[in-house]
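Chain by chain, the residues:
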Amino acid sequence: MSEIQISIITVCKNSQFTIRDTLKSVSKVLKRNPCVEYIIQDSLSNDSTLDIIKEYSQEITNLRIFSERDGGLYEGMNKAISRCTGKYVLFLNSDDILLNQFNSFFEFILKNKNIDFFTAPVVFFRRPNYKIKRVFLSHPEKCNPLKKLFLSYVPAHPGFICNLDLLIKKPFDINYKGAADYNQILQIILNMRNKRKNFNKPIIAMAMGGQSNTFRGFKIAMSDMKKINKKFNFKEKLYLRYFRNILQHLFPIFLNHKLELKKITKELELNEKI
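Every value quoted in this text rests on a predicted model; they were computed, and no experiment measured them.

(A) Looking closely at a nonpolar patch on the surface. Judged by side-chain polarity, Leu250, Ile253 and Phe254 come together as a nonpolar surface patch covering roughly 350 Å² of accessible area. You can call Leu250 partly exposed: its relative accessible area is 37%.

If you want it as C-alpha cells, here you go:
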C-alpha cells in the first residue's frame, strides 16, 4: 500500500518561534511513512519560518511547501485542501505537536473503511513548560444529558479528521473570521448520513495562547458561533459550553490514566529537548 491515506496540513505565517516544534514532531512521528503527505501552506512569511521549514525538507516524506499571498488563515486552509491527495485530512497548527499516538490512529483508519470522518480528543499545553492544561473531549453522536456535560458534540478542529471529498464540498466560509472551522464541522456532523467514528486517544497537542485564546479572538468566535448555530438551528445552551470548558481544565487530573497524559507530557518535554 503506497497511496496517500492522510494529508496533514499546516498553515503558517511568521511562525519562527513555534514551527520547529511542529516540524520535529512530524519528522519523528511519520518516520518516512509513504502513505502520509504533509502540506505546508505559508502566507508569505517575512521572518525565518521558511528557512526553518527547509531544514526539515529532507527528513519528512511527501513534504510539499507552498508560499503565496492569501486572504487569511481560512483562505490558506482552502488552498491547502485543494492540493491534498489523501483520503482524509488532518489540520496541524504551526504551534501544535503531532503525537506518537498518530501511528495507532493511522492503523485505526485502515481498519475502519468507508468512514466519512473521525474525531479524537485534543490536549492543550502551555509553553514553556509543556504542561498539559486542558483536554477537549467530543463525541458527535446523540448521548444522554449527563454525557453532554463532558462531551462536546462539535470536536476541536485538530480533533476532526475528515474525508477530503467532504471538505471540498464544504470549504471554509471566509466570511466567518473566528469560527469558519466550526461552521464547516457543524454542517458535516449534522448530516447524519455521514458515517463517523471516534478514536479515544489524542493525536495532537494544541498550544494555548494563540489568537483564539485572546479575549478579542474569543469574542469574535462566540459572535460567529451564535450566528452559525442559528443558521443550522443547532441548539446548545451557552452556559453548558462554559461549564464544559471549566471541566476540560480538570480532565488532566481525572483522565490521566485513560489518556496516558503522563506519557504525552514526557513526549512533549522530549520534543522540546531534541
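(B) Broad picture of the nonpolar core. By size, the foremost hydrophobic cluster in this structure holds 33 residues, and its most contacted members are Ile8, Leu23, Tyr38, Leu90, Leu98, Phe102 and Phe105. Secondary-structure elements contributing two or more residues to this core are strand 1 (6–12), helix 1 (19–30), strand 2 (36–42), helix 2 (49–55), strand 4 (88–91) and helix 4 (102–111). The contacts of Phe102, once residues within four sequence positions are left out, are Ile6, Ile8, Val29, Leu30, Val36, Leu90 and Ile203. With 31 residues, the next largest nonpolar core counts Ile9, Val89, Tyr153 and Tyr182 among its residues.

(C) Region of the structure containing the environment of Ser45. Within the fold, Ser45 resides in the loop between strand 2 and helix 2. Excluding anything up to four places from it in sequence, Ser45 contacts Cys12, Lys13 and Asn14. Of note is the side chain of Ser45, whose polar atom sits 2.4 Å from the side chain of Asp42.

(D) Just the pattern of salt bridges, in detail. In this structure the tally under the stated criterion is 7 salt bridges. Residues Arg64 and Glu37 are paired through a salt bridge, measuring 3.2 Å at the closest nitrogen-oxygen approach. Here the residue Arg64 occupies a position in strand 3 (residues 63–67), and Glu37 occupies one in strand 2, the gap between them amounting to 27 residues. Note on Glu37: relative accessible area 4%, which makes it buried.

(E) Representation of the sheet that holds strand 10 (residues 196–198) within the structure. Strand order across the open sheet formed by 7 strands is 3-2-1-4-9-6-10, with mixed pairing between neighbours. Every other strand in the sheet has two partners, leaving strand 3 and strand 10 as the edge strands with one partner each. Within the sheet, the average angular offset between the axes of one strand and its neighbour, ignoring direction, is 20°. Examined bridge by bridge, strand 4 and strand 9 (residues 160–163) share 2 bridges and lie antiparallel to one another. Counterpart to Val89 in the pairing with strand 9 is Cys162. Here helix 3 (residues 73–81) sits on the sheet in contact with strand 1, strand 2 and strand 4, set at roughly 150° to strand 1.

(F) Representation of helix 7 (residues 180–189) in the model. Judged by how many residues are buried, helix 7 sits mostly within the fold: 10 of 10 residues are covered. Restricting attention to buried positions, one finds in helix 7 the residues Ala180, Asp181, Tyr182, Asn183, Gln184, Ile185, Leu186, Gln187, Ile188 and Ile189.

(G) A look at the pairing of strand 4. Judged by which residues are buried, strand 4 turns out to be covered on both faces: Tyr88 and Leu90 on one side and Val89 and Phe91 on the other are all buried. Where strand 1 lies against strand 4, 4 bridges are found, and the strand directions are parallel. Pairing of Ile9 across the sheet is with Phe91, part of strand 4.

The rules behind these values
Residues numbered from 1 in each chain as written. Predicted model: local features only at pLDDT ≥ 70, side-chain atom pairs only at ≥ 80, totals over all residues. Heavy atoms only, no water. Patch = residues over 30% accessible without salt bridge, like charges linked within 9 Å, V, L, I, M, F, W, Y side chains within 5 Å. Areas by Shrake-Rupley, 256 points an atom, 1.4 Å probe, with all protein chains shown as cover. Salt bridge = Lys/Arg side-chain N within 4 Å of Asp/Glu carboxyl O. Buried < 20%, exposed > 50% of the residue type's maximum accessible area, 1.4 Å probe, protein only. Core = buried A, V, L, I, M, F, W, Y, C linked by side-chain atoms within 4.5 Å. Helix = DSSP H or I, 4+ residues; strand = E, 2+ residues; numbered from the N terminus. Contact = heavy atoms within 4.5 Å. Polar contact = N/O pair within 3.5 Å; in protein donor to acceptor, adjacent residues only side chain to side chain. Pairing = 2+ DSSP bridges. Axes fitted to C-alpha atoms, helices over the stretch in contact; angles between N-to-C directions.

From the geometry alone we can't say anything about function, so treat these as descriptive.
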